[in-house]
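Spelled out from the first residue to the last, the chains are:
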Amino acid sequence: ELHSMSMDGGVMQMRKLDLIEVKVGQEIKLAPGGNHLMLIGPKRSFKAGDQIEVALNLCEDKQQLVQFTVRESAP
C-alpha cells in the first residue's frame, strides 16, 4: 500500500493513498516520515541487504516489477 505521513496538531498521522500521480519528467521520492510504500503481509521475513521484487500497478492496467534493497530501519 502507498501511505502518506504528516503532522496534524502535534500528532503524526498516516493515511493510505489510492495513487501517487507522477507527471512526465517528474521524480517522486518515497521515504520514511513522508510518502512511503508499506508491504502488507509479506510471505517471508526480510533482513538488511536482502533484495526483494515488488510489482507496482500502474495506470492503464500496466504492471512494472521493481527491485528494492532492504535497509535497517531508522531509530
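This text goes with the structure placed above it.
We now turn to the structure provided with this report.

Definitions and limits used
- Residues numbered from 1 in each chain as written.
- Predicted model: local features only at pLDDT ≥ 70, side-chain atom pairs only at ≥ 80, totals over all residues.
- Heavy atoms only, no water.
- Helix = DSSP H or I, 4+ residues; strand = E, 2+ residues; numbered from the N terminus.
- Contact = heavy atoms within 4.5 Å.
- Pairing = 2+ DSSP bridges.

## Overview of the overall build of the chain
Here comes step 1: In terms of helices and strands, the chain carries 0 helices and 5 strands.
Here comes step 2: Each helix and strand of the chain, ordered N terminal to C terminal, gives the series β-β-β-β-β.
Here comes step 3: For the chain, the spread of C-alpha atoms along the three principal axes comes to 40 × 35 × 25 Å.
Here comes step 4: Taking as baseline every contact in the chain between residues at least 6 positions apart, the subset at least 24 positions apart corresponds to 22%.

## Points about the sheet that holds strand β2 (residues 11–17)
Here comes step 1: Strand order in this open sheet of 3 strands is β2-β1-β3, and the pairing throughout is antiparallel. Of all strands in the sheet, those with a lone pairing partner are β2 and β3 (36–37), marking the two edges.

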